[in-house]
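Each chain is listed here by its residues.
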Amino acid sequence: MVVASLKFQGVFLQDEPVRSLVNSLSKNKIFQTYLFLGSESVGKRRVAKAFAATLECLSPQPTNEGFWDCCEKCLSCKRILLDTHPDVTFLTPIGTEIRVDQVRRMHEMAFLNPFLGKWRIFIIDPADRLNEFSSNSLLKILEEAPPRVLFILLAKNPDRIVNTIKSRAVKIYFRSPSHQSARDTLYKIINRPPDEICMIYSACDGLFGMTLQHLSSQETFVQNQGKTLGESQVWYLSELGKIGAEFQNLFSHANSLEFAQKIFEGFKSVSPITLLLARKAFTREIALSPFLPAAFPTLFTKYLFEKIDRMKLEIRHQINSFLAGQKENYSSSLLKVVGEQFQQMIEDLGNRHVLDFFQSLLFWHSDFFRFKNTQDVTLLLNLDRKEDIMNLSRRHWATKKIECLKSLLSNFDLFAHNVNPTLILEDTLMRIGENIPWDVA
Ligand SMILES: [Zn+2]
């Protein structure tokens, strides 16, 4: 099993960023601001923590490769592993944005001497959530910050970082690995059967970090063969229906605002594996069906949004009662602000589930397209279902399926721009399901 590691040596599939950071460490040439660019789950936060740990480590160790890595054992390393190091601060959005008051607080902290280590390190994750005001405030700090203060900005979309910040930062690019190299790495480091690794990788829609987390757990995974469209829909909706209760279970341990926020963040970033497997089975049925029942798009969309509304209600209820119990510990104005931020996070979580469903459909169609063009199964995300994809390519309606990719892509774009999600989902399912005759051949 893979144990949570802090070391650079335990970073997978990101040799280039690691090389460039360990080089600057060995030359003792540390810049003030770094911008880590790359898509979700590629390891930006993991590498930022390794960098911070090596800088703060009380007893860095030489490696066989000739660079220095953190020891993972000293007080400093242990606290970084737990995100409780007094000199390593994470700045994450409250609601959807990183706000100016958060950055101002960081400003004050930047001028204090390091408490435990040699550096004051701020990890801004994700920096593409800074708004206009917080960006300006950050720029001011970058201009004034004393030496021994280090900023690591993590971002998916460089266009959302203002140029004046970008130009001050050393950029480190994180590339998304190919599906096959991600799977090959998982085969090497995870002691589970390759079939199972393949299945979980595709259920996680190729998110390496999330796959690793599920595969490293003690969970056993249920294969789900032979479910019909109807059965897999019931399964998916029922798994979605459990989210609210799971949240209540986790959140009942929250005993401070800070901890509550942390629980919510963790909950948002990793979906339960049963939900992921159910979603994959269901989107497979949709993608592979030669046609969909006429009433399906409207009915399913209605059920999906009902489930998500119910989930949001349950989570809201839990958060409201938690906040009501905190009246003695925090001022009412702070609780009001935090309450509003949580509402926004709940909305984000609901949208996220719709978006994930959409994306899973999109990935099936991209696989059809890839296989049709290359006949190379190693390029597939859903390698565990390669027979399905190969069989489909032999049907005469396969081209119609591939044409669906275009409407999926343009609808995905609309969805990301907050156009009415109910209408978009209905429209997408209608396009996938209509005008494709039975394959009688
Ligand atoms: Zn250490």
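Cut-offs and rules
The numbering scheme is per chain: residues are counted from 1 as the chain's sequence reads. Note on the predicted model: pLDDT of at least 70 is required for a residue's local features to be given, and 80 or more for side-chain atom pairs to be given and counted; whole-chain, interface and lining totals, by contrast, use all residues. What counts as a helix is a DSSP run of H or I of at least four residues, what counts as a strand is a run of E of at least two, and both are numbered from the N terminus. Expected span of a helix, by definition, is 1.5 Å for each gap between consecutive residues, and there is one gap fewer than residues. Exposure criterion: with C-beta atoms placed from backbone coordinates, a residue whose C-beta has 20 or more other C-beta atoms within 10 Å is buried, one with 12 or fewer is exposed, and one in between is partly exposed. Two strands qualify as a pair provided DSSP detects at least 2 bridges between them. Each axis is a line fitted through C-alpha atoms, and for a helix only the stretch in contact is used; angles between axes span 0 to 180 degrees, taken between their N-to-C directions. It is the C-beta atoms, placed from the backbone, that decide contacts: two residues are in contact if theirs lie within 7 Å. Looking down the strands as they point away from you, a crossover is right-handed if its path from the first strand over the helix to the second goes clockwise. Each residue gets a pLDDT score, which is the predictor's confidence in that residue and runs from 0 to 100. Note on terminology: a nonpolar core is a set of buried residues of type Ala, Val, Leu, Ile, Met, Phe, Trp, Tyr or Cys, with members joined through C-beta atoms within 7 Å. In this entry, domain limits derive from an automatic or database-based domain assignment. An angle below 35 degrees is read as roughly parallel, one above 145 as roughly antiparallel, one from 65 to 115 as roughly perpendicular, and any other as oblique. A clockwise turn of the near helix away from the far one marks a right-handed crossing, whereas an anticlockwise turn of less than a right angle marks a left-handed crossing. Residues were grouped as follows: Ala, Val, Leu, Ile, Met, Phe, Trp, Tyr, Cys and Pro as nonpolar; Asp, Glu, Lys and Arg as charged; and all remaining residues, including Gly, as polar.

### Digging into helix α2 (residues 44–56)
And then number 1: In this model, α2 (13 residues) spans 18 Å end to end at C-alpha, consistent with the 18 Å of a helix rising 1.5 Å per residue.
And then number 2: Taken as a whole, α2 has its buried residues at Lys 44, Arg 46, Val 47, Ala 48, Lys 49, Ala 50, Phe 51, Ala 52, Ala 53, Thr 54, Leu 55 and Glu 56.

### Side note on the sheet that holds strand β7 (residues 170–173)
And then number 1: Here five strands make up an open sheet; going across it, the order is β4-β5-β6-β1-β7 and the pairing parallel. Edge positions in the open sheet fall to β4 (88–91) and β7, since each of these has one partner strand only. Direction aside, neighbouring strands of the sheet carry axes that sit 20° apart on average.
And then number 2: Relative to strand β6 (residues 149–155), strand β5 (residues 120–124) runs parallel, the two being bridged by five bridges. When the sheet's bridge partners are listed, Phe 122 is paired in β6 with Phe 151.
And then number 3: Contacting β1 (33–37), β4, β5 and β6, α2 runs over the sheet at an angle of about 170° to β6.

### Examining the pairing of β5
And then number 1: With five of five residues buried, β5 lies mostly within the body of the structure.
And then number 2: In β5, alternate side chains face the same way, and those of Arg 120, Phe 122 and Ile 124 on one face and Ile 121 and Ile 123 on the other are all buried.
And then number 3: Handedness of the crossover is the feature at issue here: the chain leaves β5, passes through helix α5 (residues 132–144), returns alongside β6, and the resulting connection is right-handed.

### Let's talk about the confidence of the model for the chain
Low-pLDDT stretches of the model should not have their predicted coordinates read in fine detail.
And then number 1: The share of residues in the chain with pLDDT of 70 or more is 97%, and the mean pLDDT across the chain is 90.
And then number 2: The low-confidence segment residues 436–441, where pLDDT is below 50, has twelve contacts with residues more than four positions distant or belonging to other chains.

### Notes on the nonpolar core
In summary, soluble globular proteins display a tendency toward joint burial of nonpolar side chains.
And then number 1: By size, the foremost hydrophobic cluster in this structure holds 103 residues, and its most contacted members are Phe 36, Ala 52, Ile 123, Ile 124, Ile 152, Leu 153 and Leu 154.
And then number 2: When residues in this core are grouped by element, the largest group, ten residues, is from helix α15 (residues 332–374).
And then number 3: Each of domain 1 (8–173) and domain 2 (222–433) contributes no fewer than three residues to this core.
And then number 4: Beyond its immediate stretch of four places on either side in the chain, Leu 154 contacts Phe 36, Lys 44, Arg 45, Ala 48, Ile 123, Ile 124, Asp 125, Pro 126 and Ala 127.

### Here we look at unusual backbone geometry
And then number 1: The amide bond that connects Asp 125 to the next residue, Pro 126, takes the cis arrangement and shows omega of -5°.
And then number 2: Of note, Pro 126 is situated in the loop between β5 and α5.
And then number 3: For Leu 13, which is not glycine, the phi dihedral falls at a positive 65°.
And then number 4: Mapped onto the elements of the fold, Leu 13 is located in the segment before α1 (15–26).
And then number 5: The phi torsion at Asp 205 lies on the positive side, around 50°, for a residue other than glycine.

### Concerning the packing of helix α10 (residues 229–241) against helix α14 (residues 296–324)
And then number 1: The contact between α10 and α14 brings their axes to 9 Å, and the two run at 15°. Judged by the angle between their axes, α10 and α14 are roughly parallel. Pair α10 / α14 crosses with right-handed handedness. Of the residues in α14, those in contact with Gln 233, Leu 237, Leu 240 and Gly 241 of α10 are Phe 300, Tyr 303, Lys 307, Arg 310 and Met 311.

### A short note on the packing of helix α11 (residues 243–251) against α14
And then number 1: Here α11 crosses α14 at 20°, and the two axes come no closer than 8 Å. As summarised for this structure, α11 and α14 are arranged roughly parallel, according to the angle between their axes. Handedness of the crossing formed by α11 with α14: right-handed. Counted together, Ile 243, Gly 244, Ala 245, Phe 247, Gln 248 and Phe 251 of α11 and Arg 310, Met 311, Glu 314, Ile 315, Gln 318 and Phe 322 of α14 form the full contact between these two elements.
And then number 2: Taken together, the residues of the contact of α11 with α14 break down into seven nonpolar, three polar and two charged.

### Topic: the domain arrangement of the chain
And then number 1: Each domain of the chain was delimited in the assignment, giving domain 1 (8–173) and domain 2 (222–433).
And then number 2: Classifying every residue of the side of domain 1 that touches domain 2 gives one nonpolar, three polar and no charged.

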